[in-house]
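A look at the structure
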Amino acid sequence: MEEKFQDRYFHTTDSNPEFLKDVEKLSRSIPHMCFQCGTCTGSCPSAPRSSYRIRKFVRRAVLGLEKESLTDPDLWLCTTCYSCTDRCPRDIAPTDVIMAMRNLAFKWDIVPRNFLKTIQLIYNTGHGVPNNDVNRAARVKLGLEAEPETTHKYPEYLPGIRKIMDHYHMKENADRILSEGEH
Ligand code: SF4
Ligand code: SF4
């Protein structure tokens, strides 16, 4: 990877020039304008706690390193906090580059199991982290209603959420990939 970082025109059998076009189209961003200043990585709350480096992913997009990007588990460590997007001096929106890559990874069924389980939870409850009895008791103790002002309290909005997810076959794909085993 370090060698590939050095060479702006690096192209081998493992680089796919179409990958950059796909990422640019999906993200509506301009990763080819990145000059590798590292501001994004320096802003990233995930970087000090993991091997995740957003700067590398932007570079991989430019180099067309599709497989290397989409199969790297670090792709899923971005919290989408948008700090890097706020600070990038070239207005590249690195967050959207990551989101585009995640969408492309999903096309190859490369999605961590916890993300797939989150899809199932949102489909079933409207929440990635549904309320539970411990939280309900804590809310009541604080003088709040047991259920927050969400689909927990208004389940009639759940069909709308499911309709959106069904449009993108999210639940169907999550169920299928999970039933096929580890990814
Ligand atoms: S902050 Fe912007 S220009 Fe700098 S490395 Fe990150 S994406 Fe590239
Ligand atoms: S949006 Fe993602 S990549 Fe950017 S700073 Fe936040 S966690 Fe890091």
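You'll find the structure just up there.
Here goes a summary of the coordinates provided.

The rules behind these values
- Residues numbered from 1 in each chain as written.
- Chains lettered and ligands numbered in written order.
- Predicted model: local features only at pLDDT ≥ 70, side-chain atom pairs only at ≥ 80, totals over all residues.
- Heavy atoms only, no water.
- Near = heavy atom within 4 Å.
- Nonpolar A, V, L, I, M, F, W, Y, C, P; charged D, E, K, R; others polar.
- Axes fitted to C-alpha atoms, helices over the stretch in contact; angles between N-to-C directions.
- Helix = DSSP H or I, 4+ residues; strand = E, 2+ residues; numbered from the N terminus.
- Parallel < 35°, antiparallel > 145°, perpendicular 65-115°, else oblique.
- Contact = heavy atoms within 4.5 Å.
- Buried < 20%, exposed > 50% of the residue type's maximum accessible area, 1.4 Å probe, protein only.
- Arc of directions from axis to C-beta.
- Polar contact = N/O pair within 3.5 Å; in protein donor to acceptor, adjacent residues only side chain to side chain.

Bringing the site of ligand 2 into the picture now. Looking at ligand 2, the residues that line it are Cys44, Pro45, Tyr52, Ile54, Cys78, Thr79, Thr80, Cys81, Tyr82, Ser83, Cys84 and Thr95. When the residues that make up the shell around ligand 2 are grouped by side-chain class, the tally is eight nonpolar, four polar and no charged.

With that settled, the discussion passes to the packing of helix α8 (residues 113-125) against helix α10 (residues 158-167). Axis separation between α8 and α10 bottoms out at 8 Å; the angle between their running directions is 140°. On the basis of the axis angle, α8 is oblique to α10. On α10, the residues that touch Ile119, Ile122, Tyr123, Asn124 and Thr125 of α8 are Leu158, Ile161, Arg162, Met165 and Asp166. By residue class, the composition of the contact of α8 with α10 is six nonpolar, two polar and two charged.

The next point concerns the environment of Lys25. When you line up the elements, Lys25 lands in helix α2 (residues 17-27). The exposed category is assigned to Lys25, whose relative accessible area is 70%. Along the sequence, Lys25 and Leu104 sit 79 residues apart, while their C-alpha atoms lie 11 Å from each other.

Moving on, we get to the site of ligand 1. Taken together, 13 residues are adjacent to ligand 1, and Cys34, Cys37, Gly38, Cys40 and Cys88 come closest. Of the residues that constitute the shell around ligand 1, the class distribution is eight nonpolar, three polar and two charged.

Along α2, the positions that sit buried rather than exposed are Phe19, Leu20, Val23, Glu24 and Ser27. For α2, the angular spread of the buried residues around the axis is 130°, confining them to a single face. Its buried side turned inward, α2 meets α4 (54-63), α5 (66-70) and α7 (94-107). Looking one or two places after α2, you find Arg28, whose phi comes out positive at around 55°.

Next up on the list: the side chain of Thr95. Within the fold, Thr95 resides in helix α7. Here Thr85 takes part through its side chain, which lies 2.6 Å from a polar atom of the side chain of Thr95. Setting aside chain neighbours within four positions, we find Thr95 in contact with Cys78, Thr80, Tyr82, Cys84 and Thr85.

One non-glycine residue, Tyr82, lies in positive phi territory at about 70°. Its place among the elements puts Tyr82 in the loop between α5 and α6 (83-87). Positive phi values are uncommon outside glycine, yet Ala93 reaches one of about 55°. By the element assignment, Ala93 lies in the loop between α6 and α7.

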